[in-house]
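# Commentary on secondary and tertiary structure
This is what each chain is made of:
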Amino acid sequence: MVICLVANACVLLSSAGHMNMNTKSSTIIFFWSTSHAVCVMCDSGEEETIDHLFDCAFAKECCATIHIDWDVSLPLLDRFTQARSAHTIPFFTEAALIAAWELWKVRNDMIFQRRAPSPSIWLSNFKQQCNLQSVRFKDNLRSSFCV
Ligand SMILES: [Zn+2]
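Please read these numbers as outputs of a predicted model, since none were measured by experiment. (Residues numbered from 1 in each chain as written. Predicted model: local features only at pLDDT ≥ 70, side-chain atom pairs only at ≥ 80, totals over all residues.)

For the protein chain, the count of helices and strands is seven helices and zero strands. Of all intrachain contacts in the protein chain linking residues separated by at least 6 positions in sequence, the fraction that spans at least 24 positions is 50%. (Helix = DSSP H or I, 4+ residues; strand = E, 2+ residues; numbered from the N terminus. Contact = placed C-beta atoms within 7 Å.)

Counted at 1.5 Å a residue, the expected span for helix H6 (residues 119-134) with its 16 residues is 22 Å, and the 22 Å between its end C-alpha atoms agrees. Turning to H6, its buried residues number three or more, namely Trp122, Phe126, Cys130 and Gln133. Seen end-on, H6 carries its buried residues on one side only, within an arc spanning 75°. Exposed and facing more than 90 degrees away from the buried side of H6 are Ser120, Ser124 and Leu132. (Expected span 1.5 Å × (residues − 1). Buried ≥ 20, exposed ≤ 12 C-beta atoms within 10 Å, placed from the backbone. Arc of directions from axis to C-beta.)

If you look at the biggest cluster of nonpolar residues, it comprises 21 residues, and the most contacted ones within it are Ala59, Cys62, Ala99 and Leu103. Breaking this core down by element, the ones donating at least two residues are helix H2 (50-55), helix H3 (57-65), helix H5 (92-112) and H6. At eight residues, H5 tops the list of elements feeding residues into this core. Beyond its immediate stretch of four places on either side in the chain, Cys62 contacts Ala99, Leu103, Pro119, Trp122 and Leu123. (Core = buried A, V, L, I, M, F, W, Y, C linked by C-beta atoms within 7 Å.)

Moving on to the environment of Pro90. By secondary structure assignment, the location of Pro90 is in the loop between helix H4 (76-86) and H5. Looking at Pro90, the number of C-beta atoms within 10 Å reads 11, which means it is exposed. In this structure, the C-alpha to C-alpha distance between Pro90 and Leu141, residues 51 residues apart in sequence, is 9.1 Å.

Turning next to unusual backbone geometry. Even without glycine at this site, Asp43 takes up a positive phi of about 55°. Judged by C-beta crowding, with 9 C-beta atoms within 10 Å, Asp43 ranks as exposed. If you check the backbone angles, Arg114 has positive phi at about 60° while not being a glycine. By the element assignment, Arg114 lies in the loop between H5 and H6.

Our focus in this paragraph is the packing of H5 against H6. Between H5 and H6, the least distance of the axes is 9 Å, while the angle of their chain directions is 130°. As judged from the angle between their axes, H5 and H6 are oblique. Handedness of the H5/H6 crossing: right-handed. Where H5 abuts H6, its residues Glu94, Ile98, Ala99, Trp101, Glu102, Leu103, Lys105 and Val106 lie against Ile121, Trp122, Asn125, Phe126, Gln129, Cys130 and Gln133. (Axes fitted to C-alpha atoms, helices over the stretch in contact; angles between N-to-C directions. Parallel < 35°, antiparallel > 145°, perpendicular 65-115°, else oblique. Left-handed = near helix turned anticlockwise from the far one by under 90°.)

Per-chain confidence: the protein chain averages 78 in pLDDT, with 72% of residues scoring 70 or above. Here residues 1-5 scores under 50 on pLDDT; set against residues more than four positions off or in separate chains, the count is 14 contacts. Counted against residues more than four places away or in other chains, residues 7-34, with its pLDDT under 50, gives 32 contacts. (pLDDT = per-residue confidence, 0-100.)

Another point: the packing of H3 against H6. Where H3 contacts H6, the axes come no closer than 9 Å and their chain directions differ by 50°. Here H3 is positioned oblique relative to H6, judged by the angle of their axes. In the packing of H3 onto H6, the handedness of the crossing is right-handed. On H6, the residues touching Glu61, Cys62 and Thr65 of H3 are Pro119, Trp122 and Leu123. In terms of residue class, the contact of H3 with H6 is made up of four nonpolar, one polar and one charged. (Nonpolar A, V, L, I, M, F, W, Y, C, P; charged D, E, K, R; others polar.)

In structure tokens form, the structure reads like this:
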């Protein structure tokens, strides 16, 4: 399930010491499923695998709009480190977490609200979430975070 992927990403990033957001990973409920559902966003790949979060055609298209390109040949932590170092935006970790969170929400909208997903909807939601999160930032840092 994607919630596992988002939760695992939060735990991974927070344990790597790269997370500044006030995310309490201990409050995230982990779901575990032995079934392997096909991703509803791209109709391929196993939705439960962390690798599919980076391989998913829809997720890749969304990440491309914010110029994040994951090197899937690398192990997960190295993949994140490489993407962060290759990217010039400040607050890369926060942006990556918001990106994953908005993918989860677009997926849920597709399943539960029957809203057709699109990268443009995802990008709009991503920008809105960045603006919401930036309220917690100091004034001089806010403009560098908002897309
Ligand atoms: Zn997919």
